[in-house]
Amino acid sequence: MTVAETLRFALRGVSANKLRSALTMLGILIGVAAVILLVAVGNGSAQAITRRIEALGTNTLTVTGTNRQAGTGGLTLEVADALLDPVLAPDVRSVSPLVTTSAVVTYQDTEHEVSQFVGTRPSWFDASNSPVDSGAAFSADDEAQGRRVVVLGRTVADELFPDADPIGQRVTVGGALFTVVGVLAAKSGTGFQDANDVAVAPLRAVREVLTGYGALSSILVEAADPQQVDAAQAEITTVLVQRLPSTRAGSTPYRIQNAAQLLQTQTETADTFTVLLGAVAAISLLVGGIGITNIMLVTVTERTREIGIRKALGARRRTVLTQFLTEATLLSLIGGALGVAAALIGSRFTIVGVQPVIVPSSVVLALGVSVAIGLFFGGLPAARAARLRPIDALRYG
């Protein structure tokens, strides 16, 4: 039997029971689409996190305190100012002390809860790679005088001023009036947190109105050059050891996060997460393979007399085996192709807040696995059909 004849007989067998074949292909479709989409979600999340960290700048260091109480080892303004020492820390370009809290911002009858209301100094805008898109950032004099001015993130500006220019408008924060002086350029999110849901104001004003004069939330340190980050980290460690000595237990009351190291850690974690998602989705492919086995066993049983007639007319065992293997492979191949199409369509939509990014290798792998499943799980029914003796097959039914 030629290849064309084998394909023709296989297509005839697949189309003989359209509903059964459709349900079998649906199982493969769901499995393939799930594998591709879940891997795409993991990849999209990883890329979003990478963009966020890279946007922050790989030449930055973040110092956070393990004791938030001022005067008992917490981060203070004195500690932050000590890090900007040209003698002890020559590789440090800027130091931005931060206090962070959530706050409800109100304009007229509209209010919005900002997840990150940041109090800091003007150096933060450059160090965190957060340029102002419209208006201007507040100045060092604004921070020194504690003027109540604020720069809004894009999400906050759109929520409070959907049809108006926010620059120059006054909003209420914590019962105090703040004047909007700028709007930050939009940033891409991670899918789990809106990077544009932020407001930035002078450190002194935020402490007066919202947080009080306790310990700082963190200190953002910018190295003079990406190649000097490690040197800057060693220098600020030396300063911190002097300013914040270790506790009796030997633990330091602060942590230093290197953006480059954080990027590597996040990348490794995201890769593991993506593999885990793909492995979970692969289970549905296995279920689809079991469905192929069941369907093909039913098909062999229903076509026992046909098999007997073909073998009585001289069909070889290999011919019958090839026919049923081809049918099983066709079912998985068509289902897999439809699954790829469904995944490509689904990747155009946001899933759990993440924009999926298709990984080409996952498409090839999922489609290849679906064909392999057809061959593997279709092998048992095909072998059963090929082993039937003509006389036994003709007696069936």
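Preceding this paragraph is the structure being described.
The following paragraphs examine the structure supplied in this document.

Definitions and cut-offs
- Residues numbered from 1 in each chain as written.
- Predicted model: local features only at pLDDT ≥ 70, side-chain atom pairs only at ≥ 80, totals over all residues.
- Heavy atoms only, no water.
- Helix = DSSP H or I, 4+ residues; strand = E, 2+ residues; numbered from the N terminus.
- Buried < 20%, exposed > 50% of the residue type's maximum accessible area, 1.4 Å probe, protein only.
- Contact = heavy atoms within 4.5 Å.
- Areas by Shrake-Rupley, 256 points an atom, 1.4 Å probe, with all protein chains shown as cover.
- Lys, Arg positive; Asp, Glu negative; His and termini not counted.
- Salt bridge = Lys/Arg side-chain N within 4 Å of Asp/Glu carboxyl O.
- Patch = residues over 30% accessible without salt bridge, like charges linked within 9 Å, V, L, I, M, F, W, Y side chains within 5 Å.
- Phe/Tyr/Trp six-rings, centres within 6.5 Å; stacked < 30°, edge-to-face > 60°.
- Axes fitted to C-alpha atoms, helices over the stretch in contact; angles between N-to-C directions.
- Parallel < 35°, antiparallel > 145°, perpendicular 65-115°, else oblique.
- Left-handed = near helix turned anticlockwise from the far one by under 90°.
- Nonpolar A, V, L, I, M, F, W, Y, C, P; charged D, E, K, R; others polar.
- Core = buried A, V, L, I, M, F, W, Y, C linked by side-chain atoms within 4.5 Å.
- Expected span 1.5 Å × (residues − 1).
- Arc of directions from axis to C-beta.

Per the secondary structure count, the protein chain includes 13 helices and 10 strands. Within the protein chain, the fraction of its 397 residues that count as buried is 45%. Across the protein chain, contacts joining residues at least 24 apart in sequence account for 78% of those joining residues at least 6 apart. With an accessible surface of roughly 19400 Å², the protein chain has 58% of that area assigned to carbon and sulfur atoms.

Relative to the helices and strands, Arg207 is located in helix α7 (residues 203-211). Although Arg207 is buried, it forms no salt bridge, and the closest oppositely charged side chain is Glu78 at an N-O distance of 7.1 Å. Non-local contacts of Arg207, meaning those with residues more than four positions away in its chain, are made with Leu77, Val99, Gly212, Tyr213, Gly214 and Leu216.

We now examine unusual backbone geometry. Even without a glycine there, the phi angle at Gln108 is positive, about 55 degrees. Mapped onto the fold, Gln108 is located in the loop between β2 (92-107) and β3 (110-120). On the basis of relative accessible area, Gln108 is assigned to the exposed category, the value being 64%. Even without glycine at this site, Asn129 takes up a positive phi of about 55 degrees. Structurally, Asn129 can be placed in the loop between α4 (123-127) and β4 (132-135).

Turning our eyes to something else, we now look at a nonpolar patch on the surface. Residues Leu19, Leu23, Leu26 and Ile30 make up a contiguous nonpolar surface patch of roughly 400 Å² in combined accessible area. Summarising the element assignment, Leu19 is placed in helix α2 (residues 18-56).

For the rest of this paragraph, the subject is the pattern of salt bridges. If you walk through the whole model with that rule in mind, you get 7 salt bridges. A salt bridge links Arg154 to Asp133; the shortest N-O distance between them is 3.0 Å. Of the two residues, Arg154 sits in helix α6 (residues 154-160) while Asp133 sits in strand β4, which places them 21 residues apart along the sequence. With a closest N to O distance of 3.4 Å, Arg204 and Glu208 form a salt bridge. Taken as a pair, Arg204 and Glu208 lie in helix α7 at a separation of 4 residues, close to a single helical turn. Residues joined in a network through salt bridges with shared partners are Asp133, Arg154 and Asp158.

The next point concerns the packing of aromatic side chains. In the structure shown here, the tally under the stated rule is 4 aromatic pairs. On the basis of an interplanar angle of 50 degrees and a centroid distance of 4.4 Å, the ring pair of Tyr107 and Phe161 is categorised as tilted. Here Phe161 lies in the loop between α6 and β6 (170-173) and Tyr107 lies in strand β2, a separation of 54 residues in the sequence. Centroid distance Phe125 to Phe138: 5.3 Å. Interplanar angle 70 degrees. Geometry classified as edge-to-face. Of this pair, Phe125 sits in helix α4 while Phe138 sits in the loop between β4 and α5 (140-145), and the two are 13 residues apart along the sequence. By the burial criterion, Phe125 is buried, and Phe138 matches it. Members of the aromatic cluster, each reached through a chain of ring pairs, are Trp124, Phe125 and Phe138.

Running from amino to carboxyl end, helix α11 (residues 317-346) crosses helix α12 (residues 360-387) at an angle of 150 degrees, the nearest separation of the two axes being 7 Å. One finds that α11 runs roughly antiparallel with respect to α12. Regarding α11 and α12, the two cross each other, and that crossing is right-handed. Residues of the contact of α11 with α12, tallied by class, amount to 16 nonpolar, 7 polar and 2 charged.

A word on the nonpolar core. The nonpolar side chains of a soluble globular protein tend to be buried, and buried together. Core analysis: the biggest nonpolar cluster contains 46 residues, and Val63, Phe117, Val150, Val171, Phe178, Ile219 and Val221 have the highest contact counts within it. In terms of residue count, β2 provides more of this core than any other element does, 6 residues in total. Ignoring any residue separated from it by four or fewer positions in sequence, one finds Ile219 in contact with Leu61, Thr62, Val63, Leu75, Val79, Ala80, Leu83, Val95, Ser96, Pro97 and Leu98. Formed by 23 residues, the second largest nonpolar core is a distinct cluster that contains Ile28, Val320, Val340 and Ile373.

For the rest of this paragraph, the subject is helix α8 (residues 229-243). The end-to-end C-alpha distance of α8, which contains 15 residues, comes to 21 Å, matching closely the 21 Å that a straight helix rising 1.5 Å per residue would cover. Among the residues of α8, those classed as buried are Val229, Ala232, Gln233, Glu235, Ile236, Val239 and Leu240. Buried residues in α8, looked at end-on, bunch into an arc of 165 degrees, giving them a common side. Of the exposed residues in α8, those oriented more than 90 degrees away from the buried face are Asp230 and Gln242.

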